[in-house]
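Residue strings, one per chain:
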Amino acid sequence: MKYTYDDDADVRTTTLIRVMALFFVGIMIIAATTSPIATGTKEGERAPALEGEFYNGSGWSDFNLESYWDSSWGEGDISGQWVVIEFMDTDCPYCVQSAEDMGINANDFSGTNPQWDGAIVNFIASATELDLSGHDSSRAEIIAFRDKTTGEDCASSDCGSRPGAAHNFPYVDDLDQDNMKKWKVSGTPSYYLIQPDGIIAWSSAANQGEDLRDAIITLVPRESA
């Protein structure tokens, strides 16, 4: 039997090899030139995980911060919902003092305030127990702090006497400091303002002296802007 060489088949094979080679080169170029967003707690980085159980006025439920993120969100999109995280300790005097401001801010930027024409900002408190004398917290204390009820001590005073009204946002149980350590939080209170896509837009650590409220008004998109 005589073997016949097929020039057309050889050309097709060579062309296919060249196309595949160009394809893989393109993939390698994209991989080399694309800079993935790092996970961390600096502005411009993707927020680390924050998990556990949270109390929202009616018992404890599973919490996962990533459930808030919208990967399709684009800068300036007013429909996206932002997140403020406060790392706090119910026995921290500064946290007790700032409780009133936290409640006011949560109400003013929640989307129910007719004077706010910006994107919704969700507030979350991550309640830890610092390794300091007298900081012996519990879930009962977290509930009393959030709901402003009596019977538990918050920073040497009854939780029901703290400034401000009861809060309407969730409190995450971080008594074991897992989330606090993951976020490398050095003290309380510490605040983070996070975009709808999970990127940190502002942190109190990087903007000492700047008020959280001012950061929200400056960074969160508004209809009137």
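Scroll up to find the structure this text is about.
I will try to describe carefully the structure that is included in this document. (Residues numbered from 1 in each chain as written. Predicted model: local features only at pLDDT ≥ 70, side-chain atom pairs only at ≥ 80, totals over all residues. Heavy atoms only, no water.)

1. Observations concerning the packing of aromatic side chains
This model, assessed by the stated rule, comprises eleven aromatic pairs. Here Trp73 and Trp82 contribute two aromatic rings whose centre-to-centre distance is 5.9 Å and whose plane-to-plane angle is 85°, an arrangement assigned as edge-to-face. Judged by centre distance (5.4 Å) and plane angle (55°), the ring pair of Phe87 and Trp183 falls under tilted. Of this pair, Phe87 sits in strand S3 (residues 82-89) while Trp183 sits in the loop between helix H4 (178-182) and strand S8 (190-194); the two residues are 96 residues apart in sequence, bridging distant segments of the chain. Connected via pairs of aromatic rings, a cluster forms that spans Phe123, Phe145, Phe169 and Tyr171. Arg139 extends its terminal NZ or CZ atom over the ring of Trp60, reaching a point 4.2 Å from the ring centre. (Phe/Tyr/Trp six-rings, centres within 6.5 Å; stacked < 30°, edge-to-face > 60°. Helix = DSSP H or I, 4+ residues; strand = E, 2+ residues; numbered from the N terminus. Lys NZ or Arg CZ within 6 Å of the ring centre and 35° of its normal.)

2. Some words on unusual backbone geometry
Following Thr188, the chain continues to Pro189 via a peptide bond in cis, the omega torsion being -5°. Assignment of secondary structure puts Pro189 in the loop between H4 and S8. Even without being glycine, Lys148 reaches a positive phi, approximately 55°. Here Lys148 is to be found in the loop between helix H3 (139-147) and strand S5 (153-154). Judged by relative accessible area, which is 29%, Lys148 ranks as partly exposed. Its identity is not glycine, yet Lys184 carries a phi of approximately 55°, on the positive side. Topologically, Lys184 is positioned in the loop between H4 and S8. Owing to a relative accessible area of 71%, Lys184 belongs among the exposed residues under this scheme. (Buried < 20%, exposed > 50% of the residue type's maximum accessible area, 1.4 Å probe, protein only.)

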